Amino acid sequence: MTDEARIDKWLWAARIFKTRTIAADACKNGRVMVNDVNVKPSRMVKVGDKVSVRKPPVTYSFRILKTIEQRVGAKLLPEIYENITTPDQYELLEMTRISGFVNRQRGTGRPTKKDRRAMDAFVGPSLEGYGEWDGFEFDDDDFDEE
């Protein structure tokens, strides 16, 4: 064990991100802060540093207890970091979960069937069966043959 570790490796090893690439991308995009300063993936962290990770809508905060660069089992995580996320962040997470509204970033693709049904339920009664030509009647005079 060394006394310092790269932040992207530590985030992956501490199971905060699923892959090191995702952890590095989060650092590059300004979603990771060490001691309230945005960091690059190569930033070295040490014991006692405060790491904040923004995963919308919540910002998680951790205090490093051990610097590691090899992934460990989930049971060992209490030895690696202390979760110091404030309770109001968890309330925010619960409120978004309860609201049922799916907040997707623009351009992330089509909604799933579940998303569409949730949006339909939110908007109101179904408009199924109302095509753009419904309610418009043709007269026989419109189709006179010459």
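Here the structure is a predicted model, which means the values were calculated and not measured.

Colleague: How would you explain the sheet that holds strand E7 (residues 81-83) if you had to name every residue and give the values?
Modeller: The sheet built from 5 strands is open, its strands ordered E3-E2-E5-E6-E7 with antiparallel pairing. Since the sheet does not close on itself, it has two edges, and those belong to strand E3 (37-38) and E7, each with one partner. Relative to strand E6 (residues 58-64), strand E5 (residues 50-55) runs antiparallel, the two being bridged by 6 bridges. Paired with Val51 across the bridge in E6 is Phe62.

Colleague: Run through the pairing of E5, naming residues and quoting values.
Modeller: Sheet analysis places strand E2 (residues 32-34) next to E5, joined by 3 bridges and oriented antiparallel. In the strand pairing of E5, Met33 is matched with Ser52. With antiparallel pairing between neighbouring strands as the criterion, E5 and E6 make up a hairpin whose turn holds 2 residues.

Colleague: Got a sec to walk through helix H2 (residues 20-28)? Specific residues and values, please.
Modeller: Buried within H2 are the following residues: Ala23, Ala24, Ala26 and Cys27. End-on, the buried residues of H2 take up no more than an arc of 155°, which puts them together on one face. Within H2, the exposed residues directed more than 90 degrees away from the buried face are Thr21 and Lys28. Positive phi appears at Gly30, one or two residues downstream of H2, with a value of about 75°.

Colleague: Describe the packing of aromatic side chains, with residues and values.
Modeller: This model, assessed by the stated rule, comprises 3 aromatic pairs. Centroid distance Trp10 to Tyr81: 6.0 Å. Interplanar angle 70°. Geometry classified as edge-to-face. Of the two residues, Trp10 is situated in helix H1 (residues 7-13) and Tyr81 in strand E7; the sequence distance between them amounts to 71 residues. For the pair shown, Trp10 and Tyr81 are each scored as buried. Ring-pair connections join several aromatic residues into one group, and the members of that group are Trp10, Phe62 and Tyr81. One Lys or Arg, Lys55, reaches over the ring of Phe17 and ends 4.7 Å from the middle of that ring.

Colleague: So, the environment of Arg15: which residues are in play, and what are the values?
Modeller: Residue placement: Arg15 occurs in the loop between H1 and H2. The partly exposed category is assigned to Arg15, whose relative accessible area is 38%. Taking the C-alpha atoms as reference points, Arg15 and Ala74, 59 residues apart in sequence, are found 7.6 Å from one another. Among all residues touching Arg15, those that are not within four sequence positions of it are Arg71, Val72, Gly73, Ala74 and Leu77.

Colleague: With reference to specific residues and values, describe the side chain of Gln89.
Modeller: By secondary structure assignment, the location of Gln89 is in helix H4 (residues 87-99). With a relative accessible area of 17%, Gln89 lands in the buried category. With residues near it in sequence (within four places) discarded, Gln89 still touches Pro57, Val58 and Thr59.

What counts and how
- Positions within a chain are numbered from 1, following the residues in the order the chain's sequence is written.
- pLDDT decides what is reported in this predicted model: residues at 70 or higher carry local features, side-chain atom pairs at 80 or more are listed and counted, and totals for whole chains, interfaces and linings draw on all residues regardless.
- Side-chain metrics in this entry use all non-hydrogen atoms of the structure; hydrogen atoms and water are not considered.
- Paired strands, as defined in this entry, are two strands with at least two bridges between them according to DSSP.
- Each helix is a run of H or I in the DSSP string that is no shorter than four residues. Each strand is a run of E no shorter than two, and both are numbered from the N terminus.
- Relative accessible area decides the class of each residue, using a 1.4 Å probe on protein chains only: under 20% of the type maximum gives buried, over 50% gives exposed, and in between gives partly exposed.
- Arc definition: it is the arc formed by the directions from the helix axis to the C-beta atoms.
- By convention, a stacked pair of Phe, Tyr or Trp rings (six-membered ring in the case of Trp) has centres within 6.5 Å and planes under 30 degrees apart, an edge-to-face pair has planes over 60 apart, and any other such pair is tilted.
- Counted as over-ring charges are cases with an Arg CZ or a Lys NZ within 6 Å of the ring centre that also lie within 35 degrees of the ring normal.
- The contact definition used throughout considers only heavy atoms, calling two residues in contact when any of these lie within 4.5 Å.

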